[in-house]
Amino acid sequence: LEGRHPELVAFGRRSAKIANRKGAKDALKTKLYTKIGKQVADAVKNGGSDPETNVKLAAIMKQAQTANVPKDIIKRNIEKGASGKANYEQLTYEAYGAGGVGFVIECMTDNPTMAQRDVKQALKKTNGKWAETGSVSFNFAKRGVIRIPADQAEEDQVFEVALDAGADDVVTEEEYIKVLTEVE
């Protein structure tokens, strides 16, 4: 039988490989859509459903558009956040990895116990160590970053406006002028 129909065997294996590849890509998309959906619902819950007045929502919607997230997912999560059905919590954990490298792990979840269990499990698999609150985070500073294309603005003009607005620093790179600010 093997000699008579080799194309059937090869076709079946090829289809299986394609299905596995497609399944892996779909899983990544689902994970991304869920993450953005949670962010949208949380932003709506905390700042309202109008992207004109809610800067955080506008930024997340732009990120979703870049990632090709379907509009119905965005719409559904806006409604979820506006109705108050979204009970997501922003959690921050601290850990040490290989070589004593510090990690600040931020996650958003509707089940804090499960999130903590998953983070601890991931740390255990990679020989990481759970750290007490504050033992790692003092090494980090939250900063806002505004990137302006270098061909659209003069460096001196950006520097003056940034200083007047209370920016911490202005850094010029090849393609962008970065303005570093405090996070509000």
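Every chain is numbered on its own, with residues counted from 1 as its sequence reads. Per-residue local features are limited, in this predicted model, to residues with pLDDT of at least 70; the limit for side-chain atom pairs, both in listing and counting, is 80 or more; totals at the level of whole chains, interfaces and linings are taken over all residues. The basis for the side-chain values is all heavy atoms of the structure; hydrogens and waters are excluded.

Student: How would you summarise the pairing of strand 1 (residues 89-96) if you had to cite specific residues and measurements?
Tutor: Strands pair, by our definition, only if DSSP identifies at least two bridges between them. Secondary structure is summarised from DSSP: a helix means a run of H or I of at least four residues, a strand means a run of E of at least two, and numbering begins at the N terminus for each. Note that strand 1 and strand 2 (residues 102-109) share eight bridges and pair antiparallel. Opposite Thr92, over in strand 2, you have Glu106 as the bridge partner. With antiparallel pairing between neighbouring strands as the criterion, strand 1 and strand 2 make up a hairpin whose turn holds five residues, including Gly99 at a positive phi of roughly 75 degrees. Pairing of strand 1 with strand 3 (residues 129-131), which is carried by three bridges, proceeds in the antiparallel orientation. Counted as the bridge partner of Tyr96 is Lys129 from strand 3.

Student: Break down the packing of aromatic side chains for me, with residues and values.
Tutor: Each aromatic pair joins two rings of Phe, Tyr and Trp (for Trp, the six-membered one) with centres within 6.5 Å, and gets the label stacked for planes under 30 degrees apart, edge-to-face for over 60, and tilted for any other angle. Counted according to the given criterion, the structure contains one aromatic pair. Relative to Trp130, the ring of Tyr93 has its centre 5.1 Å away and its plane inclined at 50 degrees; by these criteria the two rings are tilted. You can see Tyr93 sitting in strand 1 and its partner Trp130 sitting in strand 3, a full 37 residues away along the chain. Over the ring of Trp130 we find Lys120; its NZ or CZ atom is 5.0 Å from the centre of that ring. Either the NZ atom of lysine or the CZ atom of arginine qualifies as a charge over a ring when it sits within 6 Å of the ring centre and within 35 degrees of the ring normal. Over the aromatic face of Tyr176 sits the side chain of Arg147, whose NZ or CZ is 4.1 Å from the ring centroid.

Student: Help me get a handle on the pattern of salt bridges, residues and values and all.
Tutor: When a carboxyl oxygen of Asp or Glu is within 4 Å of a side-chain nitrogen of Lys or Arg, the pair counts as a salt bridge. For the structure shown, the criterion picks out seven salt bridges. Salt bridges linked by common partners bring Arg143, Asp168 and Glu182 together as one network.

Geometric descriptors of this kind do not, in isolation, establish any biological role.
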